[in-house]
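Here's the letter readout for the chains.
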Amino acid sequence: MGLEVVNLTAKVGDKIVLRNVSLKVDYGAVHVIMGPNGSGKSSLAYVIMGRPIYEVLEGDILLDGESIKDLPTEERALKGIFLAQQDPPQVPGVRLSSLIITFTNKKLGAKDLTRPKDPSVIKRMYEVATKLGLPREILQREVNVGFSGGEKKRSEILQAMLFDAKIVIFDEPDSGLDIDGLRIVADYIKSLRDAGKGVMLITHYARLLNYVKPDKVTVLLDGKVAATGGPELAQLVEEKGYAYLRAKIAKGGGSTGV
Amino acid sequence: MGDIVELKRELLKDVDLAEQLLGRERPVKTEVEIRGKITRSMVEEISRIKKEPDWMRRLRLRSLELFYKLPWPKWLTGIEVLDLDEMVYYAKPEAERASSWDELPKEIREYYEKLGLPELEARFLAGLVGVFDSETVYARIKKYLEEKGVIVLPMEEAVQKYPDLVKQYFMRVFPPSDHKFAALHGALWSGGTFIYVPPGVKIREPIESFFLIGRSGEGQFEHSLIVAGEGAYVEWIEGCSAPRLSRFSFHDGMVEAYAHRNATIKIITVQNWSKDVINLNNKRAIAEEGARVDWVEGSIGSKITYVYPSTILKGDNSATRSAVVTIAKGPYLKDSGSKVVHVGKNTRSQIINKTISADGGINVYRGIVRVVRGARNATANVECESLILDDKSKAHTYPHNQVDEPTASVNHEATTGRLTEQQLFYLTSRGLTEDEAKSLIVLGFLEDVLRELPFEYATVLTKVVQLEFSEYGAFG
Ligand SMILES: Nc1ncnc2c1ncn2[C@@H]1O[C@H](COP(=O)(O)OP(=O)(O)OP(=O)(O)O)[C@@H](O)[C@H]1O
Ligand SMILES: [Mg+2]
């Protein structure tokens, strides 16, 4: 059960971005993905979500044991996977509230996506926004247009909360976030874990991990799984950096366990 | 498997909104039908059938001469698909003019029912005029309008009953000499609505005219004229549609509006011709001192549309606002652009143009702002926004400003937005299909214009957009 990536090799354009990657995101657990810039972390999230510009060359992606590899992105989302993006795009013309109404309607199987099928969603989105430290007006603004870095991150969290998925992928939710924001994200991740959801958390910093103790840590280097372990692996990366890890692997040869 | 999906996509592209509403062309009996080469005797026969006064017959013949003489307009490209020697230029359906829906022949009534017009009329309108092919088949206005001296009549009836009133304006706002097809319109015009609102009378409920083309190879030349007396207020809604036809039909209609001192005229058009109609609109208004003319145009259907709502701000302190929305989805062309001529002092104009191009559709904007010398302190604001949903589709903007008055201020802003792969992925990752994502973006893009429309029409337009972008082509 949960999300499982099996021997996944994928490319975008001419570039192979994932090479034979395997990992699992269990329910009630937080799986942290680390790795240097360009190592393929976001790519992994996109491939799981089925972004069309990425091509899976080999391997499979399973949700609760069933392959979702050939499903279009929206169906993966509706099956219960949510991706909070590292750098979500601006969507001019579309208000954040309209987007939320549309996707909650879609999840409820409404025919008319424009008017809220469950009117309580309006109240909820304002409550959640306030809880996340977002100004209420942001819901009436165009998605990500002119949002500050931290507002973008918070807006992704807001949507995650209202989307209510069983697997939530956070792609660097902490970068550019202030200390209060960091706490909020950490609390949310913990509450997801407590509620039995699976969390894949991409991050560069152990700082967030001081608040959320990960159940598993995987390090990607050049699109490959370079190491897997527990919280101590994140600590090691934080202290010694990736060069150390790279050298160690070159010497020891193995790619799992440190 | 992939091939079938692709094939289905191709077929779906050809889905026609008007067709979905009205189905395919069905035979409707005609009483009179005039077709073939455009000749003097054809024009005279139409005039005879309409029992017109001599001035109108002469206006037609003068227009015909101009049609022969004037060059083919350079901006009218694509119209060549029509064989002008083969079309039906006048078709009078076998139907007495009705003032209740059940008096209409079933074939015709069905069309209006599918469009939901009887219900809309009862709920929302002060009056409704229905034109089918070349003639008015339905007309009814609420009693209170008559009591206030408001005239709402089929155009030809107005020519007979109020010749002196009509003559003052008819093709004086938009003269036949303007271009070849304005001239053709002058020669062949038939059907349309005349509205006269006496000074000081304000009608808050809109009056609607609905134009249907019911046959292939038809030319429709409907002519509407709206006159608002001093301080009057009127809102006119114009709708048009057609079933799916087997050959191209041609719409060469004209709207003239005249707003006297301090009057307000608001004109809203929802154009949803089927995709085998070549649609040319000649629209022009004159605003006297302190008057206001507003245009809202939603151009959805047709194979090709040429539409340029125009206002001449003749009097001091007159104003206009023109909001045009065009959708070209599929192998279609929308050529649009508002035009304003500032003549009076302190005149104000606002032009908003929004175009949506998808599935290979092309939009062209060709607006004009002219400020003549002496139009002191005139201000004009032009905003053109193009939304392009894929790489195959295009939008071109050719604004033209001619400012001969140093105290005038003319601003122009143009933006082009392209739907990006990132945006599409973002929205699909929230559970929306590509089509739902596109329709969300399009509705968001149109939001401010939709908000100006009466609720009933905003709802229609919203549905139409969702339908245009819905995979299965069925109402949600
Ligand atoms: N469309 C593309 N075409 C070609 N190469 C691409 C494309 N998108 C991403 N890449 C490359 O793929 C590699 C992996 O990128 P990815 O975004 O997955 O890295 P990341 O681990 O998330 O990095 P960061 O920590 O900086 O976010 C990078 O070298 C990037 O330049
Ligand atoms: Mg990244």
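Residues numbered from 1 in each chain as written. Chains lettered and ligands numbered in written order. Predicted model: local features only at pLDDT ≥ 70, side-chain atom pairs only at ≥ 80, totals over all residues. Heavy atoms only, no water.

A.B. asks: How do you make sense of the overall build of chain A when you look at a structure like this?
C.D. replies: A count of helices and strands for chain A gives eight helices and 12 strands. The C-alpha atoms of chain A give 18 Å as radius of gyration, which agrees with the globular expectation for 258 residues (18 Å, within 12%). On the principal axes, the C-alpha backbone points of chain A span a range of 60 × 40 × 35 Å. Relative to its full complement of 258 residues, chain A shows a buried share of 53%. Considering only intrachain contacts with a sequence separation of at least 6, the fraction spanning at least 24 residues in chain A is 66%. Summing over all exposed atoms, chain A offers an accessible surface of approximately 11,000 Å²; the carbon and sulfur share of this is 49%. Positive and negative charge centroids in chain A, built from 36 and 32 side chains respectively, lie 1 Å apart. (Helix = DSSP H or I, 4+ residues; strand = E, 2+ residues; numbered from the N terminus. Rg over C-alpha atoms; globule rule 2.2 N^0.38 Å. Buried < 20%, exposed > 50% of the residue type's maximum accessible area, 1.4 Å probe, protein only. Contact = heavy atoms within 4.5 Å. Areas by Shrake-Rupley, 256 points an atom, 1.4 Å probe, with all protein chains shown as cover. Lys, Arg positive; Asp, Glu negative; His and termini not counted. Charge placed at Lys NZ, Arg CZ, Asp CG, Glu CD.)

A.B. asks: Even after reading the chapter, I still don't get the side chain of Ser302(B), so can you show me in this structure?
C.D. replies: Residues and elements named next belong to chain B. Tracing the backbone shows Ser-302 in the loop between β14 (292-299) and β15 (304-307). A polar side-chain atom of Ser-302 sits 3.4 Å from the main-chain carbonyl oxygen of Ile-304. In this structure the side chain of Ser-302 is engaged in a polar contact, spanning 2.5 Å, whose partner is the side chain of Thr-305. Beyond its immediate stretch of four places on either side in the chain, Ser-302 contacts Gln-271, Trp-273, Ser-274, Lys-275, Val-277, Asn-279, Tyr-332 and Lys-334. (Polar contact = N/O pair within 3.5 Å; in protein donor to acceptor, adjacent residues only side chain to side chain.)

A.B. asks: It is not clear to me how the sheet that holds strand β12 (residues 224-229) of chain A should be interpreted in this structure. Could you clarify?
C.D. replies: Consider a sheet: its strands pair through backbone hydrogen bonds, and that pairing is either parallel or antiparallel. Residue and element names in this part refer to chain A. The strand order β6-β9-β10-β3-β11-β12 describes an open sheet built from six strands, whose pairing is mixed. Both outer strands of the open sheet, β6 (81-84) and β12, are each paired with one neighbouring strand and no more. Each adjacent strand pair in this sheet contributes to an overall mean axis angle of 20°, direction not counted. Here strand β3 (residues 29-34) pairs with strand β10 (residues 198-202) via five bridges, running parallel. Each residue of the ladder has a partner; that of Ala-29, found in β10, is Gly-198. Packed on one face of the sheet, helix α1 (residues 41-49) meets β3, β6, β9 (167-171), β10 and β11 (216-221) and runs near 145° to β10. This element, helix α6 (residues 179-194), spans β3, β9 and β10 of the sheet and lies at about 160° to β9. (Pairing = 2+ DSSP bridges. Axes fitted to C-alpha atoms, helices over the stretch in contact; angles between N-to-C directions.)

A.B. asks: Explain the side chain of Glu52(B) here, please?
C.D. replies: All names here are of chain B. Position of Glu-52 relative to the elements: it lies in the loop between α3 (40-49) and α4 (54-69). On the accessibility criterion, Glu-52 (14% relative accessible area) is buried. Here Arg-60 takes part through its side chain, which lies 2.7 Å from a polar atom of the side chain of Glu-52. Excluding residues that lie within four positions of it along the chain, Glu-52 makes contacts with Ser-47, Arg-57, Arg-60 and Trp-189.

A.B. asks: Got a minute to help me understand helix α11 (residues 421-428) of chain B in this structure?
C.D. replies: Spacing of three or four residues puts side chains on the same side of an α-helix, whose turn is 3.6 residues. Burial of α11(B) is extensive: six of the eight residues sit out of reach of the surface. Of the positions making up α11(B), those classed as buried are Gln423(B), Leu424(B), Phe425(B), Tyr426(B), Leu427(B) and Thr428(B).

A.B. asks: Quick question: what am I supposed to make of the packing of aromatic side chains here?
C.D. replies: Any pair of aromatic rings gets described here by the distance separating the centres and the angle formed by the planes. Per the counting criterion, the structure on display carries 18 aromatic pairs over all chains. One Lys or Arg, Arg51(A), reaches over the ring of Tyr46(A) and ends 4.6 Å from the middle of that ring. (Phe/Tyr/Trp six-rings, centres within 6.5 Å; stacked < 30°, edge-to-face > 60°. Lys NZ or Arg CZ within 6 Å of the ring centre and 35° of its normal.)

A.B. asks: I tried to follow the environment of Arg115(A) on my own but got confused; where do I start?
C.D. replies: By secondary structure assignment, the location of Arg115(A) is in the loop between α3 (96-107) and α4 (120-131). The contacts of Arg115(A), once residues within four sequence positions are left out, are Ile101(A) and Asn105(A).

A.B. asks: Honestly, the coordination of the magnesium ion (ligand 2) in this entry has me stumped. Any pointers?
C.D. replies: Geometrically, a metal with four donors at the corners of a regular tetrahedron has ideal angles of 109.5 degrees, and one with six donors at the corners of a regular octahedron has ideal angles of 90 or 180 degrees. Around the magnesium ion (ligand 2), the donor atoms from the protein are Ser42(A) (OG) and Gln86(A) (OE1), and they sit 2.0 to 2.1 Å away. One end of the pair, Ser42(A), is in helix α1; the other, Gln86(A), is in the loop between β6 and β7 (91-95), and 44 residues separate them in sequence. (Donors = N, O, S within 2.8 Å, 3.2 Å for Na, K, Ca; no water.)

A.B. asks: Please explain the interface of chain B and chain A as it appears in this structure.
C.D. replies: For an interface, size is often stated in terms of accessible area lost upon the parts coming together. Counting residues at the interface gives 22 residues for chain B, matched by 34 residues for chain A. It is Phe425(B), Tyr426(B) and Arg430(B) that lose the most area in chain B upon contact with chain A, and together they represent 33% of the buried surface on that side. Close ionic contact of Arg95(A) with Glu447(B) constitutes a salt bridge, the shortest N to O distance being 2.4 Å. At the junction of chain B and chain A, the tally comes to 10 residue pairs in polar contact (both at pLDDT 80 or more). Within the residue set of the side of chain B that touches chain A, elements represented by two or more residues are α11 and α12 (434-452) of chain B. Here the side of chain B that touches chain A takes eight residues from α12(B), the largest share from any one element. Residues of the side of chain B that touches chain A, tallied by class, amount to eight nonpolar, nine polar and five charged. (Buried area = accessible area lost by both parts, 1.4 Å probe. Salt bridge = Lys/Arg side-chain N within 4 Å of Asp/Glu carboxyl O. Nonpolar A, V, L, I, M, F, W, Y, C, P; charged D, E, K, R; others polar.)

A.B. asks: When you look at the domain arrangement of chain B in this model, what are you seeing that I'm missing?
C.D. replies: Residues and elements named next belong to chain B. Segmentation of chain B into domains returns domain 1 (1-283 + 290-307), domain 2 (311-320 + 340-418) and domain 3 (421-476). Here the C-alpha centroids of domain 2 and domain 3 sit 26 Å apart. Listed as interface residues are nine residues of domain 2 and, on the opposing side, nine residues of domain 3. Between domain 2 and domain 3 lies a buried interface of about 770 Å² when both sides are counted; carbon and sulfur atoms form 75% of it. Notably, a salt bridge pairs Lys-354 with Asp-448, separated by 2.9 Å at the nearest N-O pair. Counting every contact that joins domain 2 to domain 3 gives two residue pairs in polar contact (both at pLDDT 80 or more). Looking at the side of domain 2 that touches domain 3, the elements that each hand over two or more residues are β20 (348-358) and β23 (379-388). Per element, the largest residue contribution to the side of domain 2 that touches domain 3 is four residues, and it comes from β20. The residue inventory of the side of domain 2 that touches domain 3, partitioned by class, reads four nonpolar, two polar and three charged. (Domains from an automatic or database assignment.)

A.B. asks: Teacher, can you tell me more about the pairing of strand β17 (residues 319-329) of chain B here?
C.D. replies: Looking along a regular strand, one sees the side chains alternate between the two faces of the sheet. All names here are of chain B. The element β17 is largely enclosed, with a buried count of 11 among its 11 residues. Neither face of β17 is open: one carries Ala-319, Arg-321, Ala-323, Val-325, Ile-327 and Lys-329, the other Thr-320, Ser-322, Val-324, Thr-326 and Ala-328, and all of them are buried. Here β14 runs beside β17; their pairing, made up of eight bridges, is parallel. Counted as the bridge partner of Trp-295 is Ser-322 from β17. Judged from the 11 bridges that link them, β17 and β20 form a sheet pairing that is parallel. Bridging across to β20, Ala-328 finds its partner in Ser-357.

A.B. asks: I tried to follow the pattern of salt bridges on my own but got confused; where do I start?
C.D. replies: Opposite charge on two side chains permits pairing when their charged atoms draw close. Residues and elements named next belong to chain A. The final tally for this structure, using the stated rule, is 49 salt bridges over all chains. Between Lys-152 and Asp-87 there is a salt bridge; the shortest N-O distance is 3.8 Å. You can see Lys-152 sitting in helix α5 (residues 149-163) and its partner Asp-87 sitting in the loop between β6 and β7, a full 65 residues away along the chain.

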